[in-house]
Amino acid sequence: MNNNTTYYQITASADPSIIGVKNGIYQIEIDESRMEINNGSYITFKNFFNYDNKEFWKNQESIELLNPPLIKGKLLKGAKVTDIMGYAPEYTFLTHVFSEKYFDIIKSFNTIKFKNFEIEISNIDSKFYLIYFKKVALQEILFDKSVIYTGRKILKNEKYHSISNFEEYSQFIRTNPINSFEKIAIPEKYYGKDIIPIQTAGGDFYSERLIDFLLDCNIKGLQVARNNSIQLEFV
């Protein structure tokens, strides 16, 4: 199809002048000393958003049922409050903390299904959220129309691979665990969504119109990969 909507991947800024710290990763530290860590709902939540949860991708729909007690954190010394922030230790697949301003904006756009979890930051009156956007799973990727390579372009040693389907990709990554997508083809039903997260892609894809609106609203801390995003194709 003719794709007129442009998408770019986004992440949180690592610029010390913006985030206030030089670790390049996070501004917030999860503070379990102030949390109900023995609460069964929190244990279920933490176990679900865990790297070792092998059933995660099969059970994305069950995220809607997770209701942990209030998550709490604190700013690192010198850290600045921005509208999208990194935090640690990270709950796997809940990559960023978002301000209420940011959250209100994306709720008004055509996003994919999501679930939010409130996080309280010490000595900060504003509301913040961890947000999980349901990801396009590997099984939905149209591998025969995607472009995959190994190696690094900066070293000019990239090698392109022809992969027909998910089963071939599953075999491929056993011997080539480090690989990259130059282009990802996904079903046409996702075209027009303003946020498209994909399991293997890293940063979520935002439509250019959403990015422009966020920036027009002076959202702080947003980093847009305009020059090195994976190309999206809708088929």
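In this text the structure is predicted, and so the values were computed from the model without any measurement.

### Quick look at the packing of helix H3 (residues 100–107) against helix H5 (residues 208–216)
In helix packing, the relevant descriptors are the interaxial angle and the interaxial distance, both defined with respect to the helix axes. Between H3 and H5, the least distance of the axes is 11 Å, while the angle of their chain directions is 145°. Once H3 is placed against H5, the crossing between them reads as right-handed. When H3 is examined against H5, the residues Tyr102, Ile105 and Ile106 are found in contact with a partner set consisting of Leu210, Phe213 and Leu214.

### Overview of the pattern of salt bridges
Under the definition given, this model contains 15 salt bridges. Of the charged contacts, one joins Lys135 and Asp204 as a salt bridge, the two residues approaching to 3.6 Å between their closest N and O atoms. Of this pair, Lys135 sits in the loop between strand S8 (128–133) and strand S9 (147–150) while Asp204 sits in the loop between strand S12 (195–196) and strand S13 (205–207), and the two are 69 residues apart along the sequence. The exposure class of Lys135 is buried, given its relative accessible area of 12%. Asp204 gets classed as buried once you look at its relative accessible area, which sits at 15%. Arg209 is the partner of Asp194 in a salt bridge, and the nearest nitrogen-oxygen pair spans 2.7 Å. Taken together, the residues span a long stretch of sequence, with Asp194 in the loop between strand S11 (180–186) and S12 and Arg209 in helix H5 at a distance of 15 residues. When its relative accessible area of 52% is taken as the criterion, Arg209 is described as exposed. Through salt bridges that share partners, Asp31, Arg34 and Glu120 make up one connected network.

### Remarks on the layout of surface pockets
In this model, the largest pocket occupies a volume close to 650 Å³. Broken down by class, the residue content of the lining of the largest pocket amounts to nine nonpolar, eight polar and two charged. Roughly 440 Å³ of internal volume is contained in the second largest pocket. Along its surface, the second largest pocket is lined by 21 residues, and Thr95, Lys135, Gly202, Gly203 and Asp204 are the ones closest to its centre.

### Quick look at the environment of Phe172
Mapped onto the fold, Phe172 is located in helix H4 (residues 166–175). Among the residues examined, Phe172 registers a relative accessible area of 10% and is labelled buried. Residues Phe172 and His161, 11 residues apart in the sequence, show an inter-C-alpha distance of 9.3 Å. Residue contacts for Phe172: discarding those within four places in its chain leaves Ile148, Thr150, His161, Ile163 and Asn179.

### Some details on the sheet that holds strand S14 (residues 222–225)
Reading across from one edge, S12-S13-S1-S14 is the order of the four strands in this open sheet, with antiparallel pairing throughout. On the outer flanks of this sheet lie S12 and S14, each paired with one strand and no other. As paired strands, S12 and S13 are joined by two bridges and run antiparallel to one another. Each residue of the ladder has a partner; that of Ile195, found in S13, is Tyr206.

### Quick notes on the pairing of S8
Counting buried residues in S8 gives six out of six residues, a clear majority hidden from the surface. Residues Phe128, Leu130 and Tyr132 line one face of S8 and the alternating positions Tyr129, Ile131 and Phe133 line the opposite face, and both faces are buried. As paired strands, strand S6 (residues 97–99) and S8 are joined by three bridges and run antiparallel to one another. Following the sheet pairing, Ser99 is matched in S8 by Phe128. Judged from the six bridges that link them, strand S7 (residues 114–121) and S8 form a sheet pairing that is antiparallel. What sits directly across from Glu118, in S8, is Tyr129. Following S7, the chain reverses through six residues before pairing antiparallel with S8; Asn123 in that reversal takes a positive phi of roughly 65°.

Here is what the cut-offs are and how they apply
- Residues numbered from 1 in each chain as written.
- Predicted model: local features only at pLDDT ≥ 70, side-chain atom pairs only at ≥ 80, totals over all residues.
- Heavy atoms only, no water.
- Axes fitted to C-alpha atoms, helices over the stretch in contact; angles between N-to-C directions.
- Helix = DSSP H or I, 4+ residues; strand = E, 2+ residues; numbered from the N terminus.
- Left-handed = near helix turned anticlockwise from the far one by under 90°.
- Contact = heavy atoms within 4.5 Å.
- Salt bridge = Lys/Arg side-chain N within 4 Å of Asp/Glu carboxyl O.
- Buried < 20%, exposed > 50% of the residue type's maximum accessible area, 1.4 Å probe, protein only.
- 1 Å grid on protein atoms, 1.4 Å probe; cavity = no way out; pocket = protein on both sides within 12 Å on 5 of 7 lines; lining within 4 Å.
- Points joined across faces, edges and corners; volume = space filled by probe spheres on them.
- Nonpolar A, V, L, I, M, F, W, Y, C, P; charged D, E, K, R; others polar.
- Pairing = 2+ DSSP bridges.

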